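Architecture at a glance
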Amino acid sequence: MTWNYDPDKAFPARHPREPDGLRQDILDEIADHLACAAEREKERQEDDNEAAVWDRVLGRFGDPNAIARKLWWDQMWEAVMREWIQTGVMVVVTIAVLAGLAMMIRLVAGVGTANDAMREAMKQVAASNESLAKAMAEQRAGNEAMLKALSGIQAGGGEKPDALELSTIEIVVRRGTPEGPPAPEVKVKMTGQGTGEDPLSVEGELDPSGRAVFERLYQGEYSFWFNDPKSDMYMEKKITLFAGKGAGEHVVVAPDVEPRPVQIDLGLPAYGDDSSQRVLIRLTGTWEGHGDTWKDADTAVVGRSGTWTSSGKPRSSAPSRFRATNLR
Amino acid sequence: MKNTFESDMTEMLILHVTASGAACGYDISQQVLERSQGHFDLLEGELYPMLHRLERQGLLDSYWTEIDKDRRRKFYRITAEGQMLLESRREQWRQFSTGVNGVIGAPQSNGLLGRLESILSTPIHCVGESTGVRP
């Protein structure tokens, strides 16, 4: 008979660093001890009842499985502890690495968001820069044109900038209202003096649509005289032309009022005895149309008494002005 | 659980037994038991862990010997390092017992101190010492 060896109770699961013969050495040592103890017990007690002998031996020895397990642990303690420490360190390091990765991912995501916001802000800045650059380019172009103009002024009769040569004034004459029918019968005359240019006077011809174009004008102020044979009224309009900028289309509205003759009865006292004395009569009228004021005038030299009738000019709705001047 | 004094004492007794010649665990326990007249009964549950610890500390050396076909025996013997420690412990013990004897008088032969001194002062002739071949 021997002791009841239970490998599950005696030893834990095999450890990778466990020496090959460790378990067998422990078991052999315990078995030898128990055998010696049993032999000594038989000699001492002179007892042939082997079961009783072994009961006494095991009762004194204790649980061989527990002692075997303790011896195994004592032997493997350092290796097992080292493994546990390594495992613990690896777990801690893994957690630290994962936490670091998580933080890095969050940082990267945050940086991405910040980059998007920065990119958007940079787009806005670029857009505003573009508009600013555009405005600056326009400003620069204006400045350059102004410099050219100034250079032209300083140079006197020197070469003119193209911007000045390309300026154009376009006149459109309509009857009654700005949307009225064209009035090609109106005569147009332009006078003026551009930069560094001799005074000019140009008779304009309106085309059937009532349009006249005055090209290649330099910077300066130009006067346009309109004479309407239909109403026998005239009007002066001033247009200022800037370098490099066309004056555009100017709509002129000609009078469309009916003639209304004026009859004036004169009974002026004579100075002295000279009955042949005459007076100069001047009758003026105005007609407002589209911001322009047309005028007419009728003059006559008549006797101091009698009736005088005007030539039947329109005499617009505004009151006509009458003035009589003594002629000596 | 034994206290440090008892543990050191047991260590000293084991080293003393093995200093006289290689012995197996059972022989060591029996010799201590007999020479202490039954006072120092080393329980196997404490003896073998202590033997293994002394072996790991380099104070004991061991080897195996075949007893018969299915049985082999492990013998322990003291190393040089163990011998030095044993001498140190013996000296400590003598100083300790001299001091104690000075207070309580000469030790009785059947008292604890007397039995310990008996063990330490008497060379041990190991009955179970192996003459087998060391592994």
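You'll find the structure just up there.
Here's a quick rundown of the structure. Model, not experiment: these values are computed from the prediction.

Calculation criteria
All residue numbers here refer to positions counted from 1 along the written sequence of the relevant chain. Chain labels run from A onward and ligand labels from 1 onward, assigned in the order the entries are written. In view of the model being predicted, local features appear only for residues whose pLDDT reaches at least 70, and side-chain atom pairs are presented and counted only at 80 or more, with totals across whole chains, interfaces and linings using the full set of residues. The basis for every side-chain value is the complete set of non-hydrogen atoms in the structure, without hydrogens or water. Note on conventions: DSSP H or I runs of at least 4 residues are helices, E runs of at least 2 residues are strands, and numbering of each starts at the N terminus. A 1.4 Å probe rolled over the protein chains alone gives each residue an accessible area, and that area as a share of the maximum for its type sets the label: buried under 20%, exposed over 50%, partly exposed in between. The contact criterion used throughout is that any non-hydrogen atoms of two residues lie within 4.5 Å. Between Lys or Arg on one side and Asp or Glu on the other, a salt bridge is scored when a side-chain nitrogen of the former is within 4 Å of a carboxyl oxygen of the latter. Polar contacts, as counted here, are pairs of nitrogen or oxygen atoms within 3.5 Å of one another; within protein the pair requires one atom able to donate a hydrogen and one able to accept it, and residues that are adjacent in sequence qualify only if both atoms are side-chain atoms. Residues are sorted three ways: Asp, Glu, Lys and Arg are charged, Ala, Val, Leu, Ile, Met, Phe, Trp, Tyr, Cys and Pro are nonpolar, and all the rest, Gly among them, are polar.

With that settled, the discussion passes to unusual backbone geometry. Positive phi values are uncommon outside glycine, yet Asp232 of chain A reaches one of about 55°. Tracing the backbone through its elements, the reader meets Asp232 of chain A in the loop between strand S5 (220-228) and strand S6 (233-241). Asp232 of chain A sits in the partly exposed class, given a relative accessible area of 35%. If you check the backbone angles, Gln37 of chain B has positive phi at about 55° while not being a glycine. For Gln37 of chain B, the location among the structural elements is in the loop between helix H2 (25-35) and helix H3 (44-56). Under the relative-accessibility criterion, Gln37 of chain B is labelled exposed at 59%.

Frequently, the measure chosen for interface size is the accessible area that the parts lose on association. At the interface, 19 residues of chain B touch 19 residues of chain A. Counting across the interface, chain B meets chain A through 7 salt bridges. Linking chain B to chain A there are 12 residue pairs in polar contact (both at pLDDT 80 or more). Every element with two or more residues in the side of chain B that touches chain A is listed here: H2, H3 and strand S3 (71-78) of chain B. No other element matches H3 of chain B, which puts 6 residues into the side of chain B that touches chain A. Of the residues that constitute the side of chain B that touches chain A, the class distribution is 6 nonpolar, 5 polar and 8 charged.

The next subject is the pattern of salt bridges. Counting across every chain of the model gives 25 salt bridges over all chains. Salt-bridge contacts for Arg211 of chain A lead to Glu249 of chain A; the nearest nitrogen and oxygen are separated by 2.7 Å. Highlighted residues: Arg211 of chain A in strand S4 (residues 211-217) and Glu249 of chain A in strand S7 (residues 248-254), separated in sequence by 38 residues. Arg211 of chain A gets classed as partly exposed once you look at its relative accessible area, which sits at 25%. Between Asp61 of chain B and Arg77 of chain B there is a salt bridge; the shortest N-O distance is 3.8 Å. Pair noted here: Asp61 of chain B is in strand S2 (residues 60-68) and Arg77 of chain B is in strand S3, with a separation of 16 residues, a long-range link. Beyond isolated ion pairs, a larger network of salt bridges with shared partners links Asp32 and Glu39 of chain A together with Arg71 and Arg73 of chain B.

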